[in-house]
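# Fold and geometry: a report
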Amino acid sequence: MDSGRRRFLGRCTAVMTGVAAPFALPRPALPESHAATDVGAGASTATDQRTGTGHERFMRLAVEQARRNPRWPFGAVIVHTRTGDVLGSGVNTGADSPLLHGEVVAMNDYVRRHGNQGWADTTLYTTGEPCSMCMSAMAWANLRRVVWASSIDEIRRTGVIQIALSAREVAAAARSFYTPELLLGGVLADHTDHLFQQAQRLRERHPEAPRAEVS
Ligand SMILES: [Zn+2]
């Protein structure tokens, strides 16, 4: 094997394991600051950046969902980007299935209500940065606008295991078929960071939660 091919294969392995992901997986070409101004009138305004009122309004709805599961407060809503109509919502129900993260529950709710179509017109708001499974699901759906509150790193600090790939890295790895319009983190993060810290204390105080606690 020549050295160039060895380097190539080594890089592929690094991508698959995530070891060198920040090097191997560049961020999407669209700058976040530009994308954040491109939200439809129903969901935001041209001045709406990390703390814009439009994004905050919808993130509060995601937080409402998250409060339904105090131990694992991962909530999500899907809204129509132009009209602001809420089209789907959900909270983590991981006790029922490892697949049922808040974003997936919201996507399933959307499909139930509207069919598997129209994703490109929607924006998903979630209390936690999407994990690699959920971000991949959004890429498969071509759901191109994603806003989250707490970062994966912050969530990990509250005792939640996390796969070490950021949402942006996953989106960039899907760039052959997926071009996100908006990947925005940190909206209401002060609020949701506190929520995840409360959840950690709750889990520590009551390691064996009654099954009914997960809604
Ligand atoms: Zn997830």
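Let us look at the structure shown here. (Residues numbered from 1 in each chain as written. Predicted model: local features only at pLDDT ≥ 70, side-chain atom pairs only at ≥ 80, totals over all residues.)

For the protein, the helix and strand inventory stands at 9 helices and 5 strands. Ordered by position in the sequence, the α and β elements of the protein form the string α-α-α-α-β-β-α-β-α-β-α-α-β-α. Counting every position in the protein, which comprises 215 residues, the buried fraction comes to 40%. Long-range contacts, defined as pairs at least 24 residues apart, comprise 62% of the intrachain contacts of the protein with a sequence gap of at least 6. (Helix = DSSP H or I, 4+ residues; strand = E, 2+ residues; numbered from the N terminus. Buried ≥ 20, exposed ≤ 12 C-beta atoms within 10 Å, placed from the backbone. Contact = placed C-beta atoms within 7 Å.)

So, about the pairing of strand β2 (residues 86–91). In terms of residue burial, β2 counts as a mostly covered element, since 5 of its 6 residues are buried. Two elements, strand β1 (residues 75–80) and β2, share 5 bridges in a ladder whose sense is antiparallel. Residue pairing in the sheet places Ala-76 in a bridge with Gly-90 of β2. Connecting β1 to the next strand, β2, in antiparallel fashion are 5 residues, including Gly-84 with a positive phi near 80 degrees. (Pairing = 2+ DSSP bridges.)

Glancing now at the environment of His-101. Residue placement: His-101 occurs in the loop between β2 and α5 (102–114). A sequence separation of 29 residues divides His-101 from Trp-72, and the C-alpha atoms of the two residues are 9.6 Å apart. If we ignore the near neighbours within four places in the chain, the residues touching His-101 are Phe-74, Asn-92, Gly-94, Cys-131, Met-133 and Cys-134.

The mixed open sheet is built from 5 strands, whose spatial order is β2-β1-β3-β4-β5. Looking at which strands have only one partner, the edges of the open sheet turn out to be β2 and β5 (182–184). If you compare each strand with its neighbour and ignore which way they point, the axes differ by 10 degrees on average. In this structure, strand β4 (residues 145–150) lies alongside β5, joined through 3 bridges in parallel fashion. Counted as the bridge partner of Val-147 is Leu-184 from β5. Across the face of the sheet, α5 comes into contact with β1, β2 and β3 (122–128) while running at roughly 140 degrees to β2. (Axes fitted to C-alpha atoms, helices over the stretch in contact; angles between N-to-C directions.)

Once that is clear, we can look at helix α6 (residues 132–141). For α6, the complete set of buried residues consists of Cys-134, Met-135, Met-138, Ala-139 and Ala-141. For α6, the angular spread of buried residues about the axis comes to 165 degrees, placing them on one side. Close packing links the buried residues of α6 with α5, β3, β4 and α8 (167–173). At the exit of α6 stands Asn-142, carrying a positive phi of roughly 65 degrees. (Arc of directions from axis to C-beta.)

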